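Per-entry structural report
Okay, here's what each chain looks like letter by letter:
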Protein chains: 2
Amino acid sequence: MNAWLIEREGYEPENTADNGNRFLIGNGFIGVRGTLEEYGADKMAALNLAGIYDRAEGQTWREPVNAPNGLFARLENTGNILKHKQSLDIRHGLHSRETVYEHAVLRIERFASMAEPNVLCQRIFVEPKGGPVTLVCGIDADVWDINGPHLMDFKSEGGDILKVSALTYEQKLPITVYEDCNRAHDEIRVNGNSIFRVFNVAERFVLERAITVNAEPVAGSYDSRLAAHKAVWERLWRNSEVKITGDGNAQLSLNYSLYHLHSIAPRHADGLSIAARGLSGQVYKGAVFWDTEIFLMPFFTLTEPSLARKLVQYRINGLPGAVAKAGEYGFDGAFFPWESQDGGIEGCTDFNVTDVFTNRPVRTYFRDKQIHISGDIIYALCRYMDWTGDTGLWDNGGLELARACAEFYLSRAYCRPGSGVLEWTDVVGPDEYHERVDNNAFTNRMAAFTLERAGMAREWRGPKLSGGVVEQFDGYFALEDADLETARGRLRHPKEYWGTQSGVAFSTKIIKQADVLALMNLFPNEYTDEEVKTNWLYYEPRTEHGSSLSACMYALGACRFGRAELAYPLFLKSARADLDGGGKSWAGNVYIGGTHPAASGGAYMIAAHGFAGLRLAGDKPELNPCLPETFDSLEFPFILRGKQMKARVTHGRHGIE
Amino acid sequence: MNAWLIEREGYEPENTADNGNRFLIGNGFIGVRGTLEEYGADKMAALNLAGIYDRAEGQTWREPVNAPNGLFARLENTGNILKHKQSLDIRHGLHSRETVYEHAVLRIERFASMAEPNVLCQRIFVEPKGGPVTLVCGIDADVWDINGPHLMDFKSEGGDILKVSALTYEQKLPITVYEDCNRAHDEIRVNGNSIFRVFNVAERFVLERAITVNAEPVAGSYDSRLAAHKAVWERLWRNSEVKITGDGNAQLSLNYSLYHLHSIAPRHADGLSIAARGLSGQVYKGAVFWDTEIFLMPFFTLTEPSLARKLVQYRINGLPGAVAKAGEYGFDGAFFPWESQDGGIEGCTDFNVTDVFTNRPVRTYFRDKQIHISGDIIYALCRYMDWTGDTGLWDNGGLELARACAEFYLSRAYCRPGSGVLEWTDVVGPDEYHERVDNNAFTNRMAAFTLERAGMAREWRGPKLSGGVVEQFDGYFALEDADLETARGRLRHPKEYWGTQSGVAFSTKIIKQADVLALMNLFPNEYTDEEVKTNWLYYEPRTEHGSSLSACMYALGACRFGRAELAYPLFLKSARADLDGGGKSWAGNVYIGGTHPAASGGAYMIAAHGFAGLRLAGDKPELNPCLPETFDSLEFPFILRGKQMKARVTHGRHGIE
């Protein structure tokens, strides 16, 4: 088994959504969906750009802009497809396809250069089997837009270098795509806003193309660029590769997760973070969620602190947006967005789900009640400082950030008359199926943590317990104890949203995702292993795992009480989320498909903090392993306060060096 | 125009629901729906009994039990109907029908004796036009049950007196119906649980029947019983008749309203109150709502204080149920039910609306968040004491009631950290389309009023104002300002409920019913006429009037600023609610049809407190008239502190004597 290769045989345009995610390549600036070169908008072809947000006509929010597709290529006069294979080298982010037609063989390689963030490279190999075939390749403007179009005022130029330029609808930001190649074409074909080269191919033929987005094109051969690209990947793996022996499937799956994390990390620029769907499209408006702080930061904090610092810095830069949002609701301090956009502006609307029965937008409370985000950010900041030792950040915006969040929590709190005990009412916790709850245990702890770290600690309402089980929020235990199958049986439409007042989960104990278990993982010293176990056994059967943030929290919990066999399938579920595909793609009538970086980050957390049990005890790293039976060993590098270390775990032995 | 007669021509079984309400007769104990004598369960025939509540199989709540229909009568061998008329003498609660068949004429009169609460009387006149016809009459067990059946273990006995007895399902309460008549039958017919007499009628024929429910039958002629019945009605009108000259339609409509109020007043027993749908059926579980305190009490307080005292006493008796309900939610004191049943027990479930698209029950917040009910009760108690002078009630349960309600409000309140200002968050105000709101102006005032009257006053959050408009609750002004037609156009099903998170009103400024205007009417001294006007002009166009509690509050408001022409159509709408019929009969998939006593009580309030403007200024009654153009004069008696008084208003003159 090659633990670095993803392959899929058979031409399957019906799987275009899943394959688009599965075979994604990216370099932090450009994400290229794993669609075939001949695909257009109808098959979700997209070159997703990090950090370029714009409104489409009539839209109330900004979303990332897709560039015209410079990687477009189509072979004509081929006859039918006889054989087809798509593959991805996840060690080096190298995408390949090979198609055997009746009259020709086509092979194409492509990569998004890790060495040059504005550059995509492509090598096309054509071998006619009889008469000549026609290769059409160039810059295709027909790319996927969920709510678009975003680009206007197109101009295209042919010549040695093709060029398509356009302006974004709202802000008139320029988007320019150049294509240069190493052969002379036979013809230029212009089709609307697209421009193509045409090659009449009568014999074996290799074409190398370089696509440059939003930068001036620079000469360079395909081979030299590929070498530079691979060198960056090798450097990244040196600091982050997790080696598993004994379980090839686990190794491949985890490699795949880390591949995605590296592919979407914004190394090329300051002031950016990572969107919830990475660079796989415009879903969720390309916004940054708490996924980044709680599910992605652990990986980067341990393997690439400079990148983790960027993610923190993005939030520090977003303080004015969060202050504005708090003010909008009449509160002090900083209320960080649920969907953070360009400049830290809240992108979420009050109507985030469309009802499948009425096709009307439904009032949801992600935007205004999910107040734990501010605390998650302070938590991630503090965790970053603890592991990296980069405490300088505290005086360069960190303390200000913490104080602003604490002020928010203070002004958002209520007390019973005559009591000084803070309560946070009318909130949405991680489990979004239960909206507008009081004293969500997770939220209260995050708020209190923020107040503590900001030096503004107050007495606050801790969670209620019953038989050792933490009540997720006030009144949770009184809800209907319907099981998952009963709830599922109540659905009247396959895309029905489970939450909101009339949804099938709302009035039951069924939760979308880890909530109390998330609390216990984030504050491990406050709960004994036995308490984690009690709560795991209570909540896991009641969890729909309707979010990619869920499985890893339960896997981490299971490792706390030594049950690797419970954690293992959840690890695979997290690690293989985008590899297996088939996940939930709709919330009501809203498309939510794409890659799941938080699941990838979660898989890393399970390996490092669950299976190996890496934790900080004061200044010292320690391991509390809980290794799956199938693993012989687990080994990974990490950086603690600037020092490169390595953790190694086998059954019976473990150590850090 | 006869201001005491309701008539309708034509046999119209398709209007059976509206006619059943329109032609209702009742004496406080028994309500007989205005269905024709030959109707059964399928046409909503019901003899609704006050104060006898029971559960049907599988039900989680109790609802009033319907007795077998002793008034059943059917003429056979008649040929087709040629002519038909149904009428109601609303001066005396005397129901008549006259049907001309091909082969006979049938006339039937009936009344629910005001002198003997267990007795219904009926006189049947048959005139064959050729050959003989057959009259079948007796006790029919086939009566309307919304969630029934409620009765079990039937026994029927024939003889001089017919008898059908049964036991209720849950509590085995006996229900017994006797029928006695003044002629010998030709035959007895038993059909299931029903028993009938059969008369072969060859010539003019008069049959008088007396039906006795849950009491031993006592002999008495139809005429003597009718005389005694009428005498009670005349006595009731002496103390309550509102005389309007110049506008026959207004006179008739108001007479009709007062007729209904008298027909459902529980004079016969202690410990009862009035259900939201009176005695017209089992809708709303036969429960007592705040309708009684705010919309019915003013009429009885002014015209029949002994009856008003009973209504207060019902709540005093219900204190343990309200204390239990507060305890259930973790609060102190008394949290009175939204739907008060037998013994003051909350009858409302957490799922009070069934979604029309999924047919699933939807979580609603009538039960747990409509906290203004406790305050409404204290308000009505204080108003009763102010007008009647019956302050003894304060020491006999009134103060205890007020304190218990105040304790509830105190424990239900929140303060911002470091503040002593009480806020009531997460409530439902009178406008039920907006659930779970904070600082509803009406609710806050009611809570504060209760605290004041209980001697436990605290600082509290008063309403926010913008341009003189009171904000109904925090954030109301930020909602979408859709107009009614826009919202209506968004409906996707005719029975769709407008409230709840996914309903068309929820996220807009459209309100179900008077809310701020209700506040202003209940606390008239706290708002100037100009302020009432500003708020009326703002809120009325945004009100759907989806509740029969709405129109009267707006009419009263319009009288405050001298605009009788705005009040007048709302007065007619209130007064004629059951006369015109056609009101909203469905909330989602839940049937909510029946009579609307609160609209009847509201019509009285408009006449007495709006058009005449009767108020107490300290100890003294005063008039602030706002007489409609069409009225020449308005005159009505009332009782103030035991003293019989009379108010008289014409254009230009008014006085109290």
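So, here's what we can say about the structure.

Cut-offs and rules
- Residues numbered from 1 in each chain as written.
- Chains lettered and ligands numbered in written order.
- Predicted model: local features only at pLDDT ≥ 70, side-chain atom pairs only at ≥ 80, totals over all residues.
- Heavy atoms only, no water.
- Helix = DSSP H or I, 4+ residues; strand = E, 2+ residues; numbered from the N terminus.
- Rg over C-alpha atoms; globule rule 2.2 N^0.38 Å.
- Buried < 20%, exposed > 50% of the residue type's maximum accessible area, 1.4 Å probe, protein only.
- Contact = heavy atoms within 4.5 Å.
- Areas by Shrake-Rupley, 256 points an atom, 1.4 Å probe, with all protein chains shown as cover.
- Lys, Arg positive; Asp, Glu negative; His and termini not counted.
- Charge placed at Lys NZ, Arg CZ, Asp CG, Glu CD.
- Axes fitted to C-alpha atoms, helices over the stretch in contact; angles between N-to-C directions.
- Parallel < 35°, antiparallel > 145°, perpendicular 65-115°, else oblique.
- Left-handed = near helix turned anticlockwise from the far one by under 90°.
- Nonpolar A, V, L, I, M, F, W, Y, C, P; charged D, E, K, R; others polar.
- Expected span 1.5 Å × (residues − 1).
- Arc of directions from axis to C-beta.
- Salt bridge = Lys/Arg side-chain N within 4 Å of Asp/Glu carboxyl O.
- 1 Å grid on protein atoms, 1.4 Å probe; cavity = no way out; pocket = protein on both sides within 12 Å on 5 of 7 lines; lining within 4 Å.
- Points joined across faces, edges and corners; volume = space filled by probe spheres on them.
- Least-squares fit on C-alpha atoms with pLDDT ≥ 70 in both.
- Disulfide = S-S within 2.5 Å.
- Pairing = 2+ DSSP bridges.
- Buried area = accessible area lost by both parts, 1.4 Å probe.
- Polar contact = N/O pair within 3.5 Å; in protein donor to acceptor, adjacent residues only side chain to side chain.
- Core = buried A, V, L, I, M, F, W, Y, C linked by side-chain atoms within 4.5 Å.
- Phe/Tyr/Trp six-rings, centres within 6.5 Å; stacked < 30°, edge-to-face > 60°.
- Bend = angle between axes of the 7 residues up to and from the residue.

**Regarding the overall build of chain A**
- In terms of helices and strands, chain A carries 17 helices and 31 strands.
- A globule of 657 residues ought to have a C-alpha radius of gyration of about 26 Å, and chain A, at 25 Å, matches this closely.
- Principal-axis analysis of the C-alpha atoms gives chain A an extent of 85 × 60 × 55 Å.
- Counting the 657 residues in chain A, one finds 64% classified as buried.
- Taking contacts inside chain A between residues at least 6 apart in sequence as the whole, the part at least 24 apart equals 67%.
- Accessible surface, chain A as shown: approximately 22300 Å² in total, 48% of it carbon and sulfur.
- Taking the 69 positively charged and 85 negatively charged side chains of chain A as two groups, their mean positions are separated by 2 Å.

**Concerning the packing of helix α13 (residues 529–539) of chain A against helix α14 (residues 551–560) of chain A**
Residue and element names in this part refer to chain A.
- Two elements in contact, α13 and α14, have axes whose closest approach is 8 Å; the angle formed by their N-to-C orientations is 135°. On the basis of their axis angle, the class for α13 and α14 is oblique. The chirality of how α13 crosses α14 is left-handed. Across the interface between the two elements, Asp529, Val532, Trp536 and Tyr539 of α13 pack against Tyr554, Gly557, Ala558 and Arg560 of α14.
- Looking at the contact of α13 with α14 residue by residue, the classes come out as five nonpolar, one polar and two charged.

**A few points about helix α2 (residues 222–240) of chain B**
All names here are of chain B.
- For α2, built from 19 residues, the straight-helix expectation of 27 Å at 1.5 Å per residue is met to within 8% by its first-to-last C-alpha distance of 27 Å.
- When we look at burial in α2, the residues that qualify are Tyr222, Arg225, Leu226, His229, Val232, Trp233, Leu236, Trp237 and Ser240. Looking straight down α2, one finds its buried side chains confined to an arc of 140°; they lie on one side.

**Remarks on the pattern of salt bridges**
Residues and elements named next belong to chain A.
- Throughout the structure, instances matching the rule amount to 91 salt bridges over all chains.
- We note a salt bridge from Arg123 to Glu109, for which the minimum N-O separation is 3.7 Å. Remark: Glu109 occurs in strand β9 (residues 104–112) and Arg123 occurs in strand β10 (residues 119–128); sequence separation between them is 14 residues.
- Residue class for Glu109 comes out partly exposed when judged on its relative accessible area of 22%.

**Some words on empty space enclosed by the protein**
- Applying the stated criterion to the full structure yields ten cavities of 30 Å³ or more.
- Lining the largest cavity are 31 residues, and of these Asp355(A), Ser502(A), Asp355(B), Phe357(B) and Ser502(B) sit closest to its centre.
- Every element with two or more residues in the lining of the largest cavity is listed here: β21 (353–354) of chain A together with β21 (353–354) of chain B.
- Tallied by class, the residues present in the lining of the largest cavity amount to ten nonpolar, 14 polar and seven charged.
- The space that makes up the second largest cavity amounts to roughly 160 Å³.
- Taken together, 20 residues make up the lining of the second largest cavity; nearest its centre are Ala50(A), Gly51(A), Tyr53(A), Ser273(A) and Ala275(A).
- The element that contributes the greatest number of residues to the lining of the second largest cavity is strand β4 (residues 47–54) of chain A, accounting for five residues.
- Residue composition of the lining of the second largest cavity, by class: twelve nonpolar, seven polar and one charged.

**Examining the relation of the copies chain B and chain A**
- For the pair chain B and chain A, the relating rotation is 180°, the translation along its axis is 0.0 Å, and the fit reaches an RMSD of 0.0 Å. When the rotation and shift are considered jointly, the pair of chain copies conforms to a two-fold rotation axis.
- A high fraction, 100%, of the interface residues of chain B reappear at the interface in chain A, so the copies pair face to face through one surface.

**Description of the environment of Ala598(A)**
- If you trace the backbone, Ala598(A) turns up in helix α17 (residues 597–611).
- Here Ala598(A) is in contact with Asp291(A), Phe295(A), Leu296(A), Ser548(A) and Leu549(A), once residues within four sequence places are set aside.

**Considerations on the state of the cysteines**
- Under the counting rule described, the total for this entry stands at zero disulfides over all chains.
- No disulfide involves Cys137(A); its sulfur sits 6.5 Å from the nearest other cysteine sulfur, which is in Cys181(A).
- Its relative accessible area of 0% is what places Cys137(A) among the buried residues.
- Just so you know, Cys382(B) is unpaired, no disulfide at all, and the nearest cysteine sulfur is the one on Cys405(B), 10 Å from it.

**Focus on the sheet that holds strand β29 (residues 633–640) of chain A**
Residue and element names in this part refer to chain A.
- Ordered in space as β18-β29-β30-β31, the four strands form an open sheet in which the pairing is antiparallel. What marks the edges here is a single partner per strand, and that holds for β18 (243–245) and β31 (653–656). Each strand of the sheet is rotated relative to its neighbour by a mean of 10°, with strand direction disregarded.
- Here β18 pairs with β29 via three bridges, running antiparallel. Directly across from Lys243, in β29, lies its bridge partner Glu635.

**A look at the sheet that holds strand β11 (residues 133–140) of chain A**
Residues and elements named next belong to chain A.
- Strands sit in the order β6-β11-β16-β15 across an open sheet of four strands; the sheet is antiparallel. The strands lining the two open edges of the sheet, one partner per strand, are β6 (69–76) and β15 (187–191). Neighbour to neighbour, the strand axes of the sheet diverge by 25° on average, direction disregarded.
- In this structure, β15 lies alongside strand β16 (residues 194–201), joined through five bridges in antiparallel fashion. Considered in β16, the bridge of Ile188 is made with Arg197.

**Some points on the interface of chain B and chain A**
- On the chain A side, the residues contacting the 36 residues of chain B number 36 residues.
- Both sides together, the interface formed by chain B and chain A hides about 2800 Å², and carbon and sulfur atoms give 49% of it.
- On the chain B side of the interface with chain A, the three residues burying the most area are Arg360(B), Tyr414(B) and Gln501(B), jointly 29% of the side's total.
- Between chain B and chain A we count two salt bridges in total.
- Measuring nitrogen to oxygen at the nearest pair gives 2.5 Å for the salt bridge that ties Arg360(B) to Glu496(A).
- The tally of links between chain B and chain A comes to 21 residue pairs in polar contact (both at pLDDT 80 or more).
- When residues in the side of chain B that touches chain A are grouped by element, the largest group, three residues, is from helix α9 (residues 392–412) of chain B.

**So, the nonpolar core**
- One finds Phe300(B), Met553(B), Leu634(B) and Phe636(B) to be the most contacted residues of the largest nonpolar core, which totals 183 residues.
- Contacts of Leu634(B), omitting those with residues within four sequence positions, involve Val242(B), Lys243(B), Ile244(B), Ala607(B), Phe611(B), Ala612(B), Leu627(B), Ala647(B), Arg648(B) and Val649(B).
- If you look at the next biggest cluster of nonpolar residues, it comprises 182 residues, including Ile294(A), Ala308(A), Leu410(A) and Ala607(A).

**So, unusual backbone geometry**
- If you check the backbone angles, Tyr284(A) has positive phi at about 55° while not being a glycine.
- A relative accessible area of 22% places Tyr284(A) in the partly exposed class.
- Despite not being glycine, Asp153(B) has its phi angle at roughly 50°, a positive value.
- Its location among the elements puts Asp153(B) in strand β12 (residues 151–157).
- On the basis of relative accessible area, Asp153(B) is assigned to the exposed category, the value being 52%.

**Here we look at the packing of aromatic side chains**
Residue and element names in this part refer to chain B.
- Here the structure, examined in full by the defined rule, presents 80 aromatic pairs over all chains.
- On the numbers, 5.4 Å between centres and 15° between planes, the contact of Trp233 with Tyr259 is stacked. Taken together, the residues span a long stretch of sequence, with Trp233 in helix α2 and Tyr259 in helix α3 (residues 248–264) at a distance of 26 residues.
- Trp233 sits in the buried class, given a relative accessible area of 1%.
- A relative accessible area of 0% places Tyr259 in the buried class.
- With centroids separated by 6.5 Å and ring planes inclined at 75°, the aromatic side chains of Phe571 and Phe631 adopt a geometry described as edge-to-face.

**A short note on helix α4 (residues 290–303) of chain B**
- Its 14 residues place the ends of α4(B) 20 Å apart at the C-alpha level, agreeing with the 20 Å of an ideal helix rising 1.5 Å per residue.
- Roughly 55° is the biggest bend found in α4(B), and it falls at Leu296(B), with proline Pro298(B) one to four residues downstream.

**Examining the pairing of strand β8 (residues 94–101) of chain B**
All names here are of chain B.
- Summarising burial for β8: six of the eight residues are buried, a large majority.
- Where strand β7 (residues 81–89) meets β8, eight bridges bridge the pair, whose relative direction is antiparallel. From the neighbouring strand, Lys83 faces β8, where its bridge partner is Val100.
- In textbook terms, the turn of a hairpin is the stretch between consecutive antiparallel strands, and for β7 and β8 this stretch comprises four residues, one of which, Gly93, has a positive phi near 60°.
- Note that β8 and strand β9 (residues 104–112) share six bridges and pair antiparallel. Paired with Thr99 across the bridge in β9 is Leu106.
- Here β8 folds back onto β9, and the loop between the two strands holds two residues.

Geometric values such as these leave the question of function open.
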